[in-house]
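Here are the chains, one letter per residue:
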Amino acid sequence: MSDKDKIDPVQLMRDWFIQSEKMWSDAMTEFMADERVANSSGRFMQEALHTQRMFSESMGQYLSNLNIPSRNDFLDLKDRMSQIDETLNAVLIELRDLRKQAGTESTASPRKKPARTRKADQDSSSPASGQKKTASEQTEPQSSQT
Amino acid sequence: MNATATPFMADPEEITQAEVDARVDQLIRRTIERNIPGLADLPQTESDLEVGPTPKELVYAQDTAQLFHYQSPVDEVYRVPILIIMSPVAKGYILDLAKGQSFVEYFLNRGHDVYMLDWRAPRANQSQLSLANYVQDLLGNCVNQVVEDAGEPDVTLVGYCMGGLLSLCYTALNSGGPVKNLACFTTPINSDGMTLHQRWVRSKSFDIDLLIDELGNIPSELINASMQALRPLQRNANQLSLLNNVQNDDFVKASMRFERWANDQIPLPGVMARDWTNDFLRDNLLVRNKLILGGKRVDFGGITVPFLHVAASFDHIIPEAASRDLINLVSSEDKDEIVVRGGHVSLVAGGNAMYRLWPKLDEWVSARSE
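Quick caveat, the model's predicted, so the values are computed rather than measured.

Basis of the calculations
Residues numbered from 1 in each chain as written. Chains lettered and ligands numbered in written order. Predicted model: local features only at pLDDT ≥ 70, side-chain atom pairs only at ≥ 80, totals over all residues. Heavy atoms only, no water. Helix = DSSP H or I, 4+ residues; strand = E, 2+ residues; numbered from the N terminus. Buried < 20%, exposed > 50% of the residue type's maximum accessible area, 1.4 Å probe, protein only. Areas by Shrake-Rupley, 256 points an atom, 1.4 Å probe, with all protein chains shown as cover. Domains from an automatic or database assignment. Expected span 1.5 Å × (residues − 1). Bend = angle between axes of the 7 residues up to and from the residue. Contact = heavy atoms within 4.5 Å. Pairing = 2+ DSSP bridges. Buried area = accessible area lost by both parts, 1.4 Å probe. Salt bridge = Lys/Arg side-chain N within 4 Å of Asp/Glu carboxyl O. Polar contact = N/O pair within 3.5 Å; in protein donor to acceptor, adjacent residues only side chain to side chain. Nonpolar A, V, L, I, M, F, W, Y, C, P; charged D, E, K, R; others polar. Axes fitted to C-alpha atoms, helices over the stretch in contact; angles between N-to-C directions. Parallel < 35°, antiparallel > 145°, perpendicular 65-115°, else oblique.

Things to note about the overall build of chain A
For chain A, the helix and strand inventory stands at three helices and one strand. Listed N to C, the secondary structure of chain A is α-α-α-β in terms of helices and strands. Counting the 146 residues in chain A, one finds 19% classified as buried. Here chain A displays about 11,500 Å² of accessible surface, and carbon together with sulfur accounts for 58% of that area.

Remarks on the domain arrangement of chain A
Along its sequence, chain A is carved into domain 1 (8-68) and domain 2 (69-104). Taking only C-alpha atoms, the centre of domain 1 of chain A and the centre of domain 2 of chain A are 35 Å apart.

Let's talk about helix α1 (residues 9-32) of chain A
End to end, α1 of chain A covers 32 Å across 24 residues, agreeing with the expected 34 Å (1.5 Å per residue, within 8%). Considering bend angle alone, the principal kink of α1 of chain A is centred on Ser20 of chain A and spans about 50°. Those residues of α1 of chain A lying buried are Arg14, Phe17, Ser20, Glu21, Ser25, Thr29 and Met32 of chain A. Residues of α1 of chain A that are buried in the fold lie against α2 (35-65) of chain A together with α5 (195-202) and α8 (234-244) of chain B.

Observations concerning the pairing of strand β9 (residues 307-312) of chain B
Residues and elements named next belong to chain B. For β9, a buried count of six out of six residues is recorded, marking the element as mostly surrounded by other parts of the structure. The alternating pattern of β9 places Phe307, His309 and Ala311 and Leu308, Val310 and Ala312 on opposite faces, both of which are buried. Taken together, the four bridges between strand β6 (residues 179-185) and β9 define a ladder with parallel strand orientation. Residue pairing across strands places Ala183 opposite Leu308, the latter belonging to β9. Strand direction decides the pairing type here: β9 and strand β10 (residues 335-340), joined by six bridges, are parallel. Each bridged residue has a counterpart across the sheet, and for Leu308 the counterpart in β10 is Asp336.

Remarks on the interface of chain A and chain B
Often, the extent of an interface is quoted as the loss of accessible area upon association of its parts. Between chain A and chain B, the residue contacts involve 66 residues of the former and 79 residues of the latter. Overall, the association of chain A and chain B removes approximately 6,800 Å² of surface from exposure, summing both partners, and the carbon and sulfur fraction of that is 50%. Residues Arg120 of chain B and Glu86 of chain A are paired through a salt bridge, measuring 3.6 Å at the closest nitrogen-oxygen approach. Here chain A and chain B share 35 residue pairs in polar contact (both at pLDDT 80 or more) between them. Only α1, α2, α3 (71-102) and β1 (132-133) of chain A provide two or more residues apiece to the side of chain A that touches chain B. It is α1 of chain A that provides the largest number of residues to the side of chain A that touches chain B, a total of 12 residues. Grouping the amino acids of the side of chain A that touches chain B by side-chain chemistry returns 17 nonpolar, 27 polar and 22 charged.

Let's talk about the packing of helix α6 (residues 208-215) of chain B against helix α10 (residues 270-282) of chain B
Residue and element names in this part refer to chain B. For the pair α6 and α10, the least separation of the axes is 10 Å and the interaxial angle reads 170°. Judged by the angle between their axes, α6 and α10 are roughly antiparallel. Where α6 approaches α10, its residues Ile208, Asp209 and Ile212 are matched on the opposing element by Gly270, Ala273, Arg274, Thr277 and Asn278. Among the residues making up the contact of α6 with α10, the classes are represented as three nonpolar, three polar and two charged.

Remarks on unusual backbone geometry
All names here are of chain B. With a phi angle near 35°, Thr186 is a residue other than glycine that sits in the positive phi range. You can see Thr186 is positioned in the loop between β6 and α5. Phi is positive for Asn289, which is not a glycine, with a value near 55°. In this fold, Asn289 is placed in the loop between α10 and β7 (292-293). Overall, the relative accessible area of 14% leaves Asn289 in the buried class.

Here it is as structure tokens:
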């Protein structure tokens, strides 16, 4: 009996889930779109925001006493790194501009600058069709839904 | 008990836990090495996953905007450069995932001069950036930079998702400007087609101002969660699909790259999020030509340049209903719409895109780039 002939019940379960996922997801999304659910989600979000603020304020104090950085400290650090990144970007742009002014090619692109003379192939589509194309374009298998 | 027995025949009491662990470890390693060829070659960490391999240079940067120019591998390019505008919540490397799977690489090889407007995460003090800033200042300055850098008066804009929306608004507000052609992929313009998000923001208890006051910028985790809510079990299905294909190295690598990108969202500046929520999702001003940006009304009827709209028939993030009015609102005489079978991401990256969309787009842009 070859491997192909063997029935793997776990794989069958997985395949069943993959096939029926959209149906379950649609049902869950429809439930979440219900006005009452949307209302309670909004209320939950408000409460969660208040709770998070209270919690982060009180925890921030404890962490500070213990000399341990809090999430906000890391976010500040992230901001500082972003500023440094931005400054480095400015330097890179300045260098690129200087190279351009000096007429020297970039180290990243040592090739000659391409000429802007290319023409469209003879078999290219003609402009202005104004038609909506649907059925003829639907060639991809239904599995590609990501 | 025979004292000269082999280790496997030894008295269980004589075998230590460490020996058992070592044997099990060896057995598992050997099984993996024998049965899953090439597993050792798989990336061990996220940083091992090479994404965005096409050589590029930073041309311009302002606030959250970064303008890149890709190195052309050919000697002759079309006159009109292409500027790709990414969604402000998504990283641009989805269009340059890996060698051979790259939208950017494809267009470079087809003789186009390619620039990309990619976005950075906003800092806390950049939460005041609005939709008008994104359209008129950041995108506007990048378009001007492309014109200056390429030395050509025209540019083709290619916008993806919210990037398409920014491109549309910019083109509508700057008719007579440098935009020669405009192509938009899965671009939301009608929030009536985005039922779940519209109901959430229209509920009495949803308070975007509170959210912004508390958080400043909208964190990427929240954006990711709101996207996942549109198809809550899809990620689980993808994981099971990965398990089914675990012996296929290429599948695993591609899946890891997509997964990395899907988890690598960009936070949205607070004021921009408020504009998106109030003006677009709640009041649906865009489709009614009533959106005001920087004191000017955004009227899609003012768009007269050649226009291409591409929608995906299985897009759950921007469903067809959210974008299908676009083709009728634009005044261009030369306009086309293509509906491709696929999802929000597979439309632009992956097999569906590579063999269906990219050649179509290349054909469309090439014919208008001389």
